[in-house]
Amino acid sequence: MIMDFPSLKANKRRLRKDLESLGKFGEGPDGGILRTALSDADLQAREWFKGRMRDAGLWVREDAVANIIGRLEPASGAQGAPCIATGSHMDAVLHGGKFDGAVGLCCSLEALRAIQESGLSIPCPLELIIFTDEEGAHYAGTFGSRAMLNLLVEDEIYKSRGSGCPFLAQSLERMGKDPRQSGKAARSPSEFRAFLELHIEQGPVLDSLGIPVGVVEGIVAIDRHTIEVEGKAGHAGTTPMRLRDDALVKAAGFITAVNREVRSLGSDIVGTIGEMKVHPGAFNIIPGRVEMTLDLRSMKKSLLRSARGKIHEVLRSIPGARMETILSKDGSRMDRKIMELIEEVCRQRGVSWKRMGSGAGHDAMTFPTRGIPAGMLFIPCKDGKSHCPEESIRWEDAAIGAQVLADTIVRIAHGSDLSGMGKRAKRGKGK
Ligand code: GLV
Ligand code: MN
Ligand code: MN
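Description of the overall build of the protein
Here is step 1: Each helix and strand counted, the protein has 11 helices and 15 strands in total.
Here is step 2: A compact globule built from 431 residues should have a C-alpha radius of gyration of about 22 Å, and the protein, at 23 Å, falls within 12% of that.
Here is step 3: Across the 431 residues in the protein, those meeting the buried criterion constitute 56%.
Here is step 4: Sequence separation of at least 24 residues holds for 79% of the intrachain contacts in the protein that already meet a minimum separation of 6.
Here is step 5: Total accessible area on the protein stands at roughly 17900 Å², and carbon and sulfur atoms take up 51% of it.

Written as structure tokens, this is what we have:
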């Protein structure tokens, strides 16, 4: 059935203003932002955004782990019906860009405003959700969505991976929340009809092809590990080279070996050591201990298993080295019917699209884990740059994204069947 909603119109100017305003929170001199989860900049941005949600008529609440939920109830009758939720995250990586997460929040808000202004009656509740700590500054990422769907690792909020960021529990306490109540953030999957997330692609494909919409088929599985290498601290001037047990030299061997082993598995897996702490860390002290993170990703679980095996072998050859897996997130398939709906919308609006996988993690990956249909659409980012201050978008693409998102929400609300959960996506339908 072809549904047409001519009165539904995203407002590009308003959307741009929101994105520009949100980009000021935590903005640095290089044009990027410092807005890690629940930092002062994040808390200020969250308050500002809550105001924008209230201005748009949403009823706003915060759950036990600081996820922000804005809700629009249907005009009559179906208040208890499962909601269609959309959203993303407000936090950013260290020295990140202004659009990762933020574009999803602002486009979601614009979509909900456009839906209200269209006068269309929506027969189920709609929600806009801002998830806490998607990037994993505190621990392992997609924290808010995993808390909402009861998928936290035991005592996760009291754990640290030594990044210098406080435990989540401390950050929640600072906000006046009781961390012992964090389990109360869990909701039943039956409360959700579908979850939709719009995001920048964070890679170069759409931008290089001049295509404004990516229809996400699946999101990679992600393994996150911490590695510790012990050596012996000592005087950098008096200890002969042959008598040293330098933890950083051993760590360097580990890093190059991991790179070599992951490359040997082909192009469907990536591995990154992106964070390192050298203890005690001074010119004149031989490093006594090194802490690192390792992030492994692939759509293929078997490749992740092979990589883990090879890396454990490398570790066994380095005295004093150990690794702990802090989280293994399953890869997710997006709902086939939602993909087709997004494509139907694009066809009707004369927008070109392309199906693609996501090598980045997103809160949308959490929902299918609990049987909730999820869909994701990407918009391009310039030269594919992301997780860096150069991250940028075209306002026009954001407006197209908000429009496609609004159209898709309305179609799902009006009864489009979402029975495609978990089925393999069809390939090659995009333009
Ligand atoms: C989030 O941006 C991730 O992919 O780690
Ligand atoms: Mn990110
Ligand atoms: Mn993101």
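What to know about the packing of aromatic side chains
Here is step 1: Summed over all chains, the structure comprises seven aromatic pairs.
Here is step 2: Taken together, a centroid distance of 5.9 Å and an interplanar angle of 40° make the contact between phenylalanine 25 and tryptophan 48 tilted. Taken together, the residues phenylalanine 25 in the loop between helix H1 (12-22) and helix H2 (40-55) and tryptophan 48 in helix H2 connect sequence positions 23 residues apart.
Here is step 3: Accessibility expressed as a relative area gives 18% for phenylalanine 25, which makes it buried.
Here is step 4: Owing to a relative accessible area of 23%, tryptophan 48 belongs among the partly exposed residues under this scheme.
Here is step 5: Here the aromatic rings of phenylalanine 99 and tryptophan 395 are separated by 6.0 Å at their centres, their planes lie at 65°, and the arrangement is edge-to-face. In this pair, phenylalanine 99 is assigned in the loop between strand S3 (83-89) and helix H3 (102-118) and tryptophan 395 in helix H11 (residues 395-413), connecting sequence segments 296 residues apart.
Here is step 6: In this structure tryptophan 395 comes out as partly exposed when scored by relative accessible area, which is 21%.
Here is step 7: Every member of this aromatic cluster is reached through a ring pair, and the members are Phe131, Phe192, Phe195 and Phe367.

Brief notes about the coordination of the manganese ion (ligand 3)
Here is step 1: Taken together, His89 (NE2), Asp100 (OD) and His199 (NE2) make up the protein donors of the manganese ion (ligand 3), found 2.0 to 2.2 Å from the metal.
Here is step 2: Within one chain, the residues donating to the manganese ion (ligand 3) are spaced in sequence as H-x10-D-x98-H.
Here is step 3: Taken as a pair, the manganese ion (ligand 3) and the manganese ion (ligand 2) lie 3.5 Å from each other and share aspartate 100 as a ligand. Of the two residues, aspartate 100 is situated in the loop between S3 and H3 and histidine 199 in strand S5 (residues 192-200); the sequence distance between them amounts to 99 residues.
Here is step 4: Judged by relative accessible area, histidine 199 falls into the buried class, the value being 1%.

Remarks on the coordination of the manganese ion (ligand 2)
Here is step 1: Listed as protein donors to the manganese ion (ligand 2) are Asp100 (OD), Glu135 (OE), Glu135 (OE) and His387 (NE2); their distances from the metal cover 2.1 to 2.7 Å.
Here is step 2: Within one chain, the residues serving as donors to the manganese ion (ligand 2) are arranged as D-x34-E-x251-H.

Quick word on the state of the cysteines
Here is step 1: For the structure on display, the rule yields zero disulfides.
Here is step 2: Cysteine cysteine 124 remains unbridged, with the sulfur of cysteine 83 as its closest cysteine sulfur at 7.6 Å.
Here is step 3: For cysteine 124, a relative accessible area of 6% corresponds to the buried category.
Here is step 4: Counting only cysteine sulfurs, cysteine 107 is the nearest neighbor of cysteine 346, a cysteine outside any disulfide, at a range of 13 Å.

Reading guide: rules and limits
Residues numbered from 1 in each chain as written. Chains lettered and ligands numbered in written order. Predicted model: local features only at pLDDT ≥ 70, side-chain atom pairs only at ≥ 80, totals over all residues. Heavy atoms only, no water. Helix = DSSP H or I, 4+ residues; strand = E, 2+ residues; numbered from the N terminus. Rg over C-alpha atoms; globule rule 2.2 N^0.38 Å. Buried < 20%, exposed > 50% of the residue type's maximum accessible area, 1.4 Å probe, protein only. Contact = heavy atoms within 4.5 Å. Areas by Shrake-Rupley, 256 points an atom, 1.4 Å probe, with all protein chains shown as cover. Phe/Tyr/Trp six-rings, centres within 6.5 Å; stacked < 30°, edge-to-face > 60°. Donors = N, O, S within 2.8 Å, 3.2 Å for Na, K, Ca; no water. Disulfide = S-S within 2.5 Å.

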